[in-house]
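A look at the structure
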Amino acid sequence: MLRTRIIPVLLLKEEGLVKGKQFKNHKYLGDPINAVRIFNEKEVDELIFLDISASENKLEPNFKLISDIASEAFMPFGYGGGVTSLDQVKKLFSIGVEKVIFNSSAYYNCNLITESAKFVGSQSIVVSIDVRKKFFSKYEVYVQNGKSRTRYDPKTFAKKMQDCGAGEIIICSIDREGTGEGYDLKLLEMVSTAVDIPVVGLGGASKIEHLVEAKNNTSISGLAAGDLFVFHGKHKAVLINYPNYYELNKLF
């Protein structure tokens, strides 16, 4: 396993894989099960699935699809989307999910993070924090797929989530997501140095050099990406891929 975790993030919408830009204009990519099989062949260490339609439509997780993913995946994977109760958390772990990822529900119900951490251990409870850059280079946390502001700055919110029991943070720049411009290094450093738990950066990576840049210039524990692993070339042809393991091992 790589010292710095390099994690593909796959977005689910109505049982299909999608990818967009800045949380908008999502394009259908294909079947998630086929993607899992390809990542198996690429010997990926870890995957993340985020269902962007579950919370938006007030739906619970698609347990059937998640179970199908678990039966195909040779690697651990985390799931987020529509998780609002401890019973759902328990069911997700019972069907093979390794980590449960909270976003909006972490903001609205911090106690759910605490209860879930007590049930399975904080190492398996992740809070994903979506951030927009505001005026005067200020940052603010948003929920509900980036539509609702919280008035929290990401540093304060990350500390609160750690206190609630989260064992890991995913920090995503909405402004960089899907742009291919690279990570927001200032944001990653701000959050990763504010807490004592692992922090995974997300949003903006489109080439290996962006991963290396973030690793060399921040205190981040892991790096996640979408475009880098689902698109190829300047025209963004759909291609499920993962860099050569030996190349990554040399770089990280």
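All figures in this text were calculated on a predicted structure; none of them were measured in a lab.

1. Quick look at the packing of aromatic side chains
- This model, assessed by the stated rule, comprises six aromatic pairs.
- Arranged with centres 5.9 Å apart and planes meeting at 85°, the rings of Phe-49 and Phe-77 form a pair that is edge-to-face. Separated by 28 residues along the polypeptide, Phe-49 in strand β4 (residues 47-51) and Phe-77 in strand β5 (residues 77-80) bring together distant segments of the chain. In this pair, the class of Phe-49 matches that of Phe-77, namely buried.
- Aromatic side chains Tyr-107 and Tyr-108 sit 4.9 Å apart centroid to centroid with 65° between the ring planes, which places their arrangement in the edge-to-face category.
- Using a relative accessible area of 25% as the deciding quantity, one classes Tyr-107 as partly exposed.
- Taking the relative accessible area as the measure of exposure, Tyr-108 reaches 51% and is therefore exposed.

2. Some remarks on the pattern of salt bridges
- Taken as a whole and assessed by the stated rule, the structure comprises 11 salt bridges.
- Asp-227 is the partner of Lys-19 in a salt bridge, and the nearest nitrogen-oxygen pair spans 3.0 Å. With Lys-19 in strand β2 (residues 16-21) and Asp-227 in helix α10 (residues 227-230), this pair connects stretches of sequence that are 208 residues apart. Here the two residues Lys-19 and Asp-227 agree in accessibility, since each one is buried.
- Between Lys-64 and Asp-68 there is a salt bridge whose closest N-O contact spans 2.8 Å. Of this pair, Lys-64 and Asp-68 both sit in helix α3 (residues 63-72), four residues apart, which is roughly one turn of that helix.
- Take Asp-68: its relative accessible area is 28%, and that puts it in the partly exposed class.
- When salt bridges with common partners are traced through the structure, they connect Arg-5, Glu-46, Lys-99 and Glu-168 into a single cluster.

What counts and what doesn't
Residues numbered from 1 in each chain as written. Predicted model: local features only at pLDDT ≥ 70, side-chain atom pairs only at ≥ 80, totals over all residues. Heavy atoms only, no water. Phe/Tyr/Trp six-rings, centres within 6.5 Å; stacked < 30°, edge-to-face > 60°. Helix = DSSP H or I, 4+ residues; strand = E, 2+ residues; numbered from the N terminus. Buried < 20%, exposed > 50% of the residue type's maximum accessible area, 1.4 Å probe, protein only. Salt bridge = Lys/Arg side-chain N within 4 Å of Asp/Glu carboxyl O.

Nothing here speaks to function; it is all geometry.
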